[in-house]
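These are the residues of each chain, in order.
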Amino acid sequence: MTAERTGSSTSRVRVEVDGRELELSNLDKVLYPGVGFTKGEVIDYYTRASEVLLPHLRDRPLTRIRYPNGVDAPSFFEKNAPAGTPDWVRLERLPAPGSTKGREKLDYVVADDLPTLVWLANLAALELHTPQWRVGEPPDLLVVDLDPGSPAALPECSVVAVRMRDRLADDGIASYPKTSGKKGMQLCCPVAGTQSADLVSAYAKRIAEELEHDDPKLVTSKMAKRLRPGKVFIDWSQNNAAKTTVAPYSLRAQATPTVSTPLTWPEVEEAADGIPGVVRQFSSAEVLARIEEYGDLMADLIDGGPELPG
C-alpha cells in the first residue's frame, strides 16, 4: 500500500491498494473509545488479516454494521451498496427478504479483494456478516451459534461444542469452532452445496434437539429467552437463507476490538475441562499473532464438504 497525504495531516490520505486508488479519511478518529483504537488501526487490522479473511468473504454478499462515530454511538446495518461506491467494487443484485425499506432486490457488496476490504474499513464497517451460501449457489456451510444464558459462559459453550462436534462426526460432518467475539461461540461445518437451506436448517435443528434431549439442564434448542438462563442455546436457525453470521476474523463492536476468532479443538477441549482463559474473546492484536502462529484454522471450510444425511 502506498500513501499520499491530501488536505490536513489527519483528515485525508490517498492510497494505492493493489492498483486501486482510495482516499482514506479521519484515520485518527477513535472508534473504540475505551482503548483509544482508531479508524487507522481498524484499517491496519483488516489489511493484515486479509489473507485469511478474504477467502471467507469471497462470493458472499455482505451485510455490514457501520459505526461511523465509534462503538459507543449509534450504528446501522447496511446491505445495499452506499452512495459513492467505486465502480470497481463488485456488486450483486439479489433478493432482499425482510428488507426494512420494502425493496425486492438490493445491490449487495461482495468483498473479493483487498481494495474493497480497505474501502469498507474506511467506512467504519466494523462488523462483516455473510450468509451460508455463495452468490447463485445453495448453502455450502452449516453454522450453529452457541449462545450462553448467564451464568453459563464460554466454558459451558465449550462443553456443548465438543459434544456437537462428536455428534456431527458420527454423520461424517467436520466442524470448526470460533468465538463469536461477543459472549458465545459458533461451529462452522463445510457441506456439499447441493442441498437447500431448508434441509440444512432442519438437520441442524434435529442435532440441536438431540443434544437437548441428552442434557436438558445444559442445552436448549428452543428460542424462548425465558428458557436460556444457565443453559447454552444452540441456535440452529442461523441456517435460514435470509440470515447471516459474523465472518471469521471480523471485528466486533464491543468495548475493546474483539474478533470472531477461529479456535483449535484442543483449546476448546481444555476449556470444556475447566481450564480458565484458554478460550476467551480475543483482541485484534492477539488474533494477528494467532494468524502468524496457525495460519487460517478455518481454511478447510473453503472447499465444501459432504452431503448431509436426509
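Residues numbered from 1 in each chain as written. Predicted model: local features only at pLDDT ≥ 70, side-chain atom pairs only at ≥ 80, totals over all residues. Heavy atoms only, no water.

- As recorded in an unreviewed UniProt entry, the chain goes by the name Non-homologous end-joining DNA ligase, listed as coming from Micromonospora sonneratiae.

## Some details on unusual backbone geometry
And then number 1: Cis rather than trans, the peptide bond between Ser150 and Pro151 has omega equal to 5 degrees.
And then number 2: Considering the arrangement of structural elements, one finds Pro151 in the loop between β11 (141-148) and α3 (154-170).
And then number 3: The phi torsion at Asp59 lies on the positive side, around 70 degrees, for a residue other than glycine.
And then number 4: Mapped onto the fold, Asp59 is located in the loop between α1 (39-57) and β6 (63-66).
And then number 5: A relative accessible area of 28% places Asp59 in the partly exposed class.
And then number 6: Of note, the phi angle at Ala124 is positive, near 60 degrees, even though the residue is not glycine.
And then number 7: Tracing the backbone shows Ala124 in the loop between α2 (114-122) and β10 (125-130). (Helix = DSSP H or I, 4+ residues; strand = E, 2+ residues; numbered from the N terminus. Buried < 20%, exposed > 50% of the residue type's maximum accessible area, 1.4 Å probe, protein only.)

## Some words on α2
And then number 1: Burial analysis of α2 places nine of its nine residues in the buried class, which makes it a mostly covered element.
And then number 2: Restricting attention to buried positions, one finds in α2 the residues Leu114, Pro115, Thr116, Leu117, Val118, Trp119, Leu120, Ala121 and Asn122.
And then number 3: Looking at the packing, one finds that the buried side of α2 touches β2 (12-17), β3 (20-25), α1, β6, β9 (105-110) and β10. (Contact = heavy atoms within 4.5 Å.)

## Section: the packing of aromatic side chains
And then number 1: Within this structure, the stated rule accounts for two aromatic pairs.
And then number 2: Ring plane angle 85 degrees and centroid distance 5.6 Å describe the contact between Tyr32 and Phe37, whose orientation is recorded as edge-to-face. The residues Tyr32 and Phe37 share a single accessibility class, namely buried.
And then number 3: Above the plane of the ring of Trp265 lies Arg165, whose end atom (NZ or CZ) is 4.7 Å from the centre.
And then number 4: For Arg290, the ring lying beneath its charged end belongs to Phe282, and the centroid distance is 4.5 Å. (Phe/Tyr/Trp six-rings, centres within 6.5 Å; stacked < 30°, edge-to-face > 60°. Lys NZ or Arg CZ within 6 Å of the ring centre and 35° of its normal.)

## Remarks on empty space enclosed by the protein
It is the rolling of a water-molecule-sized probe over the atoms that shows where space remains empty.
And then number 1: Inspection of the entire model under this criterion finds two cavities of 30 Å³ or more.
And then number 2: Its volume calculated, the largest cavity comes out at about 140 Å³.
And then number 3: Lining the largest cavity we find 16 residues, and of these His56, Thr130, Leu141, Pro248 and Leu301 sit closest to its centre.
And then number 4: Of the residues contributing to the lining of the largest cavity, the split by class is nine nonpolar, four polar and three charged.
And then number 5: Considering only enclosed or pocket space, the second largest cavity measures out at about 40 Å³ in volume.
And then number 6: Looking at the second largest cavity, the residues that line it are Tyr249, Thr261, Pro262, Val287, Arg290, Ile291, Tyr294, Gly295 and Leu297.
And then number 7: Looking at the lining of the second largest cavity, its residues break down into six nonpolar, two polar and one charged. (1 Å grid on protein atoms, 1.4 Å probe; cavity = no way out; pocket = protein on both sides within 12 Å on 5 of 7 lines; lining within 4 Å. Points joined across faces, edges and corners; volume = space filled by probe spheres on them. Nonpolar A, V, L, I, M, F, W, Y, C, P; charged D, E, K, R; others polar.)

## A word on the sheet that holds strand β12 (residues 176-179)
And then number 1: Read from one edge of the open sheet, five strands run β12-β13-β11-β15-β14, paired in mixed fashion. Strands at the two margins of the open sheet, each flanked by one partner only, are β12 and β14 (219-220).
And then number 2: With two bridges joining them, β14 and strand β15 (residues 232-235) adopt parallel strand pairing. Looking at β15, one finds that Thr220 is bridged to Phe233. (Pairing = 2+ DSSP bridges.)

## A look at α1
And then number 1: Between its terminal C-alpha atoms α1 stretches only 21 Å, short of the 27 Å expected from 19 residues at 1.5 Å a residue.
And then number 2: The largest bend in α1 is about 80 degrees, located at Ser50.
And then number 3: At the C-terminal side of α1, Asp59 shows a positive phi close to 70 degrees. (Expected span 1.5 Å × (residues − 1). Bend = angle between axes of the 7 residues up to and from the residue.)

## Description of the sheet that holds β10
And then number 1: Pairing is antiparallel in the open sheet, where four strands are placed in the order β7-β6-β10-β16. The open sheet is flanked by β7 (76-78) and β16 (245-246), the only strands paired with a single partner.
And then number 2: Sheet analysis places β10 next to β16, joined by two bridges and oriented antiparallel. Within β16, the residue paired with Thr130 across the bridge is Thr245.

## Notes on the environment of Pro229
And then number 1: Structurally, Pro229 is set in the loop between β14 and β15.
And then number 2: Given a relative accessible area of 54%, Pro229 falls into the exposed group.
And then number 3: Spatially, the C-alpha atoms of Pro229 and Pro257 are 27 Å apart, while their sequence positions differ by 28 residues.
And then number 4: When near neighbours in sequence (up to four residues on either side) are disregarded, Pro229 contacts Gly149 and Ser150.

## A word on the layout of surface pockets
And then number 1: For the second largest pocket, the calculated volume is near 460 Å³.
And then number 2: Along the wall of the second largest pocket there are 20 residues; nearest its centre are His129, Asp145, Lys182, Gln186 and Arg252.
And then number 3: Secondary structure elements with two or more residues in the lining of the second largest pocket: β10, β11 and β16.
And then number 4: Per-element tally for the lining of the second largest pocket: the top contributor is β11, with three residues.
And then number 5: Tallied by class, the residues present in the lining of the second largest pocket amount to five nonpolar, eight polar and seven charged.

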